[in-house]
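# Secondary and tertiary structure notes
Listed below are the residues making up each chain.
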Amino acid sequence: MGTSGSKSIDGIGAEAAGVGAAGGGGEAGEGAASPEAWHGGAQLYVSLKMENARISGDLVPHVCGSEPIIGSWDPARALAMERELASMWQLSFVVPPDHETLDFKFLLKPKDAATPCIIEEGPTRLLTGGMLEGDVRVALFKHNGDDEVLEFRVFNKADIVSPLELAASWRVYKENFQPSRVRGIPDISINVAPTHGTEEGSGATLELDLEHYVVPTPTAPPNEYPANLAATPASLIQTGALQTNDMLLNYGIQSPSSVSAGPSSVSADFDGHSNHKKNIETWATDSSKKIQTSGLVESKSVGTFTPLQKPDGQKGMFIDRGVGSPKLPKSTSACSLASGLGFGSAKTMPEAAGAVAAAAVADRLHGSKEDGKLAIVLVGLPARGKTFTAVKLTRYLRWLGHETRHFNVGKYRRLKHGANLSADFFRDDNPEGIEARNEVAALAMEDMIDWMHGGGQVGIFDATNSTRKRRCMLMKMAEGNCKIIFLETICNDPSIIERNIRLKIQQSPDYADQPDYEAGLQDFMERLMNYEKVYEPVGEGSYIKMIDMVKGQGGQLQVNNISGYLPGRIVFFLVNSHLTPRPILLTRHGESLHNVRGRVGGDTVLSEAGELYAKKLANFIEKRLKSEKTATIWTSTLQRTILTASPILGFPKIQWRALDEINSGVCDGMTYEEIKKTMPEEFESRRKDKLRYRYPRGESYLDVIQRLEPVIIELERQRAPVVVISHQAVLRALYAYFADRPLREVPDIEMPLHTIIEIQMGVTGVEEKRYKLMD
Ligand SMILES: Nc1ncnc2c1ncn2[C@@H]1O[C@H](COP(=O)(O)OP(=O)(O)O)[C@@H](O)[C@H]1O
Ligand SMILES: O=P(O)(O)OC[C@H]1O[C@@](CO)(OP(=O)(O)O)[C@@H](O)[C@@H]1O
């Protein structure tokens, strides 16, 4: 103390007591809280702001007062205010529910030193029930003796907050002395006026040419004809009906005999997922059907490889899903219920949490044998989006955790009869053609049923299936094995049909050897006519008809005899799907203070680098979306994403709770090192099975996926661009959906900071591009 204008500790306290007793009346604060509202554990969240453009040097406004949180009148423990804008300082804190009045004063002093300490002139301020009493709008400080008077404008806001809200902000407050700056921003907001703009020369502006920032996509989705990515025709491989190994390779299938045994050299996609790195899939339900690839024993689906000593002494590979292991942590989700529910092997349970797991358990407990197995049988003329829809539905259901596989009869046909069949093969008066087509359809159906017996849950059977007779054959085959729902795609828009036909001739392997587009077109039109002659729309069984749905408006979705959890989800997904091209931009928030310190979770503000990214991102979005009439910015409710979005102008911003980072429960705010040291078992459990590991009192990746389902549906439904500013774990889960990555890979997907992943949704599916704005 001792500097002119400063007062002793006692001096402040004495004055406080005096004025406090005499206080009353006067001007109310901006926010006022009635004392009755405090019952039930609610507390008062106080936000104070001071504004002065002239303050310079080391002096920082502080708040000192009667409550321990603001220093109990000890200036050394006064709370420093944070600089919000160049001339604006702010401080937020909570007050215990039982306080009657809160006495305080502003003071100016360096952040980490006791002197000089300049206390504001005038009486002590009084906050009663959130209301500031007396003349509160100005704070005066005598600086440099009495020569200079610094005048600050004062703003006060008080909110009643629930204990739950407080728990979050209190922790942040205690750990960082960095109260949230974003309280009070409504869930939906828009800042239209360019208040600060992007600062020229601050390094925040970007090159005009955004291509400058494009970086390679680490695991780009395969640029493959979608039908080729469907299940490998197992029956054809086993019966030796294949043409040649070369032919298999043409369809992305590695000859079984060429698969080598070592873990590093095996590249197999055992859950049938379309993954360009993995190009053979096998399944087996009985030993006669089992495909013996040299040195490989396959046991159902998804898995990691562990060496297995086969009875004959040969080294083999055993695929372990990591489910059902007695050592699995308590925190694994529904899968660990399996044994207790008498399902025999835990492997029959889906790799899922929440509603998906609940529905699976209910089906197994109460449903008929077929209930758990579902065949979605596509129906429609050629070029009506059947394969497109099959691929999309497969991706969605797998992402939710349902074992799903796409069976494309065209792939069987091409493998068995070659790709160069002319339109004659499809004529309704060509009995050999009809028989050959029925035969491959039956083979695909048989494979699908076999696969279901081996644990598969949803088969998507993709063919025209355009006559009652064919559908009747499929229904007979399904009896006692699975439930069938027909999914008919109908399109009456000639311009869309024309576009689809063009895409077919350009992309289908059927026309890969036809260099003359016109000749291809003529042949395809003939093929189409052959189908049209015999086409019978679906009217039997359970069905869903999608009629002119591609535009996302108008159109019809008809359903008949549909019930159950999964069919319900499928209908809901299809209702919201459309083909309108639009980008979805995914990005993590700018670097946060916790990111710098290596701490998980929390709700900290951005680091300097993070703030710079926020500006660059705003600049990027302005350029990237400048020709878009509408677009929306989605953030989580955590301040690192809201602050990242704050410089973005002109687009509505929406906060989604579902976009909040994975809840790390008791580990929230810790470093990975600290978790390893203090909770080694938890650390080890997570390392072993990061997908299913649930933080104590927190979430697992599977939980995150479950809560993101409405976000995916909404992203599918939107017809304008969306920018999603979220978090590492959440974006891994969202990205996995668009990039069709298997669930087991989700927790390890690379999701760098300061990078934008642009997902282009379009008529041929999903494309990806990445921009890295900062190193
Ligand atoms: N419901 C739909 N109606 C009409 N066209 C669609 C639909 N869904 C997707 N498409 C478009 O149809 C194109 C060709 O679809 P494809 O799935 O190959 O046809 P199909 O399997 O019926 O022969 C796709 O690239 C897509 O642009
Ligand atoms: O699942 P892991 O790999 O731990 O990644 C999730 C973690 O990512 C972090 C950063 O480490 O996300 P965020 O970018 O939102 O800060 C943590 O908050 C979160 O717990």
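Residues numbered from 1 in each chain as written. Chains lettered and ligands numbered in written order. Predicted model: local features only at pLDDT ≥ 70, side-chain atom pairs only at ≥ 80, totals over all residues. Heavy atoms only, no water.

## Digging into the overall build of the chain
- Looking only at helices and strands, one finds 19 helices and 27 strands in the chain.
- Per-residue burial for the chain yields a buried fraction of 54% across its 775 residues.
- Accessible surface for the chain amounts to roughly 33,100 Å². Of this, 53% is attributable to carbon and sulfur atoms. (Helix = DSSP H or I, 4+ residues; strand = E, 2+ residues; numbered from the N terminus. Buried < 20%, exposed > 50% of the residue type's maximum accessible area, 1.4 Å probe, protein only. Areas by Shrake-Rupley, 256 points an atom, 1.4 Å probe, with all protein chains shown as cover.)

## Regarding the packing of aromatic side chains
- What the rule picks out here adds up to twelve aromatic pairs.
- Aromatic side chains Tyr 693 and Tyr 695 sit 5.5 Å apart centroid to centroid with 80° between the ring planes, which places their arrangement in the edge-to-face category.
- Three or more aromatic residues link up through ring pairs in this structure, and these residues are Trp 399, Tyr 737 and Phe 738.
- Across the ring face of Tyr 737, the terminal group of Arg 395 is positioned such that the distance to the ring centre comes to 4.6 Å.
- Here the basic side chain of Lys 545 rests over the ring of Tyr 543, its NZ or CZ set 5.4 Å away from the ring centre. (Phe/Tyr/Trp six-rings, centres within 6.5 Å; stacked < 30°, edge-to-face > 60°. Lys NZ or Arg CZ within 6 Å of the ring centre and 35° of its normal.)

## Here's the deal with the UniProt feature "binding site: substrate" (unreviewed entry) in the chain
- Residues annotated in UniProt with the feature "binding site: substrate" (unreviewed entry) correspond here to Arg 588, His 589, Gly 590, Glu 591, Ser 592, Leu 593, His 594, Asn 595 and Arg 640. Despite a sequence span of 53 residues, these residues sit close together in the fold, their greatest C-alpha distance being 14.0 Å.
- Its relative accessible area of 0% is what places Ser 592 among the buried residues.
- Tracing the backbone shows Leu 593 in helix H13 (residues 593-597). (UniProt positions renumbered as here; feature names shortened; annotations may be inferred.)

## So, the site of ligand 2
- Close to ligand 2 lie 15 residues, the nearest being Arg 588, Tyr 672, Arg 686, Lys 690 and Tyr 701.
- Here Gly 601 contributes a backbone N or O atom positioned 2.7 Å from an oxygen atom of ligand 2.
- Separating an oxygen atom of ligand 2 from a side-chain N or O atom of Tyr 672 is a distance of 2.4 Å.
- Relative to its unbound accessible surface of 460 Å², ligand 2 loses 94% to contact with the protein.
- Its residues assigned to classes, the shell around ligand 2 comprises four nonpolar, five polar and six charged. (Near = heavy atom within 4 Å. Polar contact = N/O pair within 3.5 Å; in protein donor to acceptor, adjacent residues only side chain to side chain. Nonpolar A, V, L, I, M, F, W, Y, C, P; charged D, E, K, R; others polar.)

## Topic: the pattern of salt bridges
- Using the criterion set out here, one finds 27 salt bridges in the structure.
- With its nearest N and O atoms 2.5 Å apart, the salt bridge here joins Glu 684 to Arg 687. Of this pair, Glu 684 and Arg 687 both sit in helix H17 (residues 680-688), three residues apart, which is roughly one turn of the helix.
- By relative accessible area, Arg 687 is classed as exposed at 55%.
- Shared partners join several salt bridges into a network, and the residues in it are Arg 413, Arg 414, Asp 510 and Arg 527. (Salt bridge = Lys/Arg side-chain N within 4 Å of Asp/Glu carboxyl O.)

## Re the packing of helix H7 (residues 409-417) against helix H8 (residues 431-453)
- Two elements in contact, H7 and H8, have axes whose closest approach is 9 Å; the angle formed by their N-to-C orientations is 120°. One way to sum up the angle between H7 and H8 is to call them oblique. As H7 packs across H8, the resulting crossing turns out to be right-handed. Taken together, the residues of H8 that come into contact with H7 (itself represented by Val 409, Tyr 412, Arg 413, Lys 416 and His 417) are Ala 436, Glu 439, Val 440, Ala 441, Leu 443, Ala 444 and Asp 447. (Axes fitted to C-alpha atoms, helices over the stretch in contact; angles between N-to-C directions. Parallel < 35°, antiparallel > 145°, perpendicular 65-115°, else oblique. Left-handed = near helix turned anticlockwise from the far one by under 90°. Contact = heavy atoms within 4.5 Å.)

## Thoughts on a nonpolar patch on the surface
- A cluster of nonpolar side chains, Val 138, Leu 140 and Val 149, forms an exposed patch at the surface whose accessible area comes to about 200 Å².
- Looking at where Leu 140 falls in the secondary structure, it is placed in strand S10 (residues 138-143).
- The exposure class of Leu 140 is partly exposed, given its relative accessible area of 34%. (Patch = residues over 30% accessible without salt bridge, like charges linked within 9 Å, V, L, I, M, F, W, Y side chains within 5 Å.)

## Some remarks on the environment of Trp 656
- Following the sequence through the fold, Trp 656 ends up in the loop between strand S24 (653-655) and helix H16 (672-678).
- Its relative accessible area of 18% is what places Trp 656 among the buried residues.
- On a C-alpha basis, the gap between Trp 656 and Ser 726 in space is 9.5 Å, while along the polypeptide they are 70 residues apart.
- Discounting residues that sit within four places of it in the chain, Trp 656 has contacts with Trp 634, Thr 635, Ser 636, Thr 637, Pro 710, Val 711 and Glu 714.

## Topic: unusual backbone geometry
- Cis geometry marks the peptide bond from Thr 115 to Pro 116, where omega comes out at -10°.
- Mapping Pro 116 onto the fold places it in the loop between strand S6 (101-110) and strand S7 (118-119).
- Phi at Asn 465 takes a positive value of approximately 40°, unusual for a residue other than glycine.
- Mapped onto the elements of the fold, Asn 465 is located in the loop between strand S18 (458-462) and helix H9 (468-478).
- Residue Asn 465 is classed as buried on the basis of its relative accessible area, which comes to 0%.
- One non-glycine residue, Asn 561, adopts positive backbone phi at about 55°.

## Focus: the site of ligand 1
- Within the structure, ligand 1 sits among 15 residues, and Ala 383, Lys 386, Thr 387, Phe 388 and Val 763 are positioned closest to it.
- One nitrogen or oxygen atom from the main chain of Ala 383 is found 2.8 Å from an oxygen atom belonging to ligand 1.
- Here Phe 388 contributes a backbone N or O atom positioned 2.7 Å from an oxygen atom of ligand 1.
- Contact with the protein chains hides 92% of the accessible area of ligand 1, taken as 580 Å² for the molecule alone.
- Contributions of two or more residues to the shell around ligand 1 are made by helix H6 (386-400) and helix H10 (494-507).
- The class makeup of the residues in the shell around ligand 1 is nine nonpolar, three polar and three charged.

## Regarding H8
- Along its 23 residues, H8 runs 33 Å from first to last C-alpha, staying within 8% of the 33 Å computed at 1.5 Å per residue.
- One or two positions beyond H8, positive phi appears at Gly 455, with a value near 120°. (Expected span 1.5 Å × (residues − 1).)

## Comments concerning the side chain of Ser 607
- Summarising the element assignment, Ser 607 is placed in the loop between H13 and helix H14 (608-624).
- Sequence-distant contacts of Ser 607, defined by excluding residues within four places in its chain, comprise Glu 591, Ser 592, Leu 593 and Val 596.

## As for H9
- For H9, the full list of buried residues reads Arg 470, Arg 471, Leu 474 and Ala 478. Down the axis of H9, the smallest arc covering the buried residues is 95°, so these residues share one side. When the buried face of H9 is taken as reference, the exposed residues oriented beyond 90 degrees from it are Lys 469 and Lys 476.
- Buried residues in H9 make contact with strand S16 (374-379), H8, S18 and strand S19 (483-490).
- One or two residues past the end of H9 sits Gly 480, with phi positive at roughly 75°. (Arc of directions from axis to C-beta.)

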